[in-house]
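# Reading the structure
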Amino acid sequence: MHCSPKLSYPWIILSVLCPTLIAQNAQSTIRQTTRRSAYIFAGTVTAVEHIDAGESAVGSVQITFHVDRAMRGVRTGQNLTIREWSGLWTGADRYLPGQHVVLCLFRPSKLGLTSTVGTPPGRMEVDQGGGILQLAWSVEPNESLAPRSTMKGMSVRDLARPVARRAGE
């Protein structure tokens, strides 16, 4: 197989730069994610509705959450409805009614769409007991978490403390 220099040059640059960029952004910290998030909460998915694109609109999915624990930009007990670009939903549903999650979301765009913040995305699954199944962020060395907290199995309550501190910065 023969690759022309014109075609292979960009791939060489990408193969050199991408691992570096990925390593630098491998995982957002609580501070980075909190600064960029308009809404942070633990909630339960109550409804999912696929909305077809109109003549000039973008296809989207409307998701409604009951906010079980507010951390930023929302109130505990409120029902929050967001819209995501339907392209994020290719292959499988991202949310299912009854599912418990912690979400960190950007402020909605001019089109009214939002998405999760961070790398990996600011979406964490929560078990029935309120434990986070996999923490999406790295913890900074000076970040104080409850002593029993770990990257896996941290409770939503334990996560809310550093998020609340960061939200006030």
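Residues numbered from 1 in each chain as written. Predicted model: local features only at pLDDT ≥ 70, side-chain atom pairs only at ≥ 80, totals over all residues. Heavy atoms only, no water.

On to the side chain of Thr 64, then. Its location among the elements puts Thr 64 in strand E2 (residues 60–72). For Thr 64, the side chain forms a polar contact with the side chain of Thr 81, separated by 2.9 Å. Those residues within four positions of Thr 64 in sequence are excluded, and the remaining contacts are Thr 44, Val 45, Thr 46, Ala 47, Asn 79, Leu 80 and Thr 81. (Helix = DSSP H or I, 4+ residues; strand = E, 2+ residues; numbered from the N terminus. Polar contact = N/O pair within 3.5 Å; in protein donor to acceptor, adjacent residues only side chain to side chain. Contact = heavy atoms within 4.5 Å.)

Right, let's talk about the confidence of the model for the protein chain for a bit. Note: predicted coordinates in regions of low pLDDT should not be interpreted at a detailed level. Overall, the predicted model of the protein chain reaches an average pLDDT of 76, with 68% of residues at or above 70. Confidence over residues 7–26 falls short of pLDDT 50; this stretch has five contacts with residues more than four positions distant or in other chains. (pLDDT = per-residue confidence, 0-100.)

Now for the pairing of E2. The sheet contact formed by strand E1 (residues 39–51) and E2 spans eleven bridges and is antiparallel. Paired with Ile 51 across the strands is Ser 60, a residue of E2. Bridge analysis of E2 against strand E3 (residues 79–85) gives seven bridges, and the strand direction is antiparallel. Counted as the bridge partner of Phe 65 is Leu 80 from E3. (Pairing = 2+ DSSP bridges.)

With respect to the element layout, Ala 47 can be found in strand E1. Ala 47 gets classed as partly exposed once you look at its relative accessible area, which sits at 33%. Between the alpha carbons of Ala 47 and Phe 65 there is a distance of 7.2 Å; along the sequence they are 18 residues apart. Setting aside its immediate chain neighbours within four residues, Ala 47 contacts Gln 62, Ile 63 and Thr 64. (Buried < 20%, exposed > 50% of the residue type's maximum accessible area, 1.4 Å probe, protein only.)

So, on to the pattern of salt bridges. Under the criterion given, the structure shown has four salt bridges. Arg 157 is the salt-bridge partner of Asp 158, the closest N and O atoms lying 3.8 Å from each other. Accessibility expressed as a relative area gives 44% for Arg 157, which makes it partly exposed. (Salt bridge = Lys/Arg side-chain N within 4 Å of Asp/Glu carboxyl O.)

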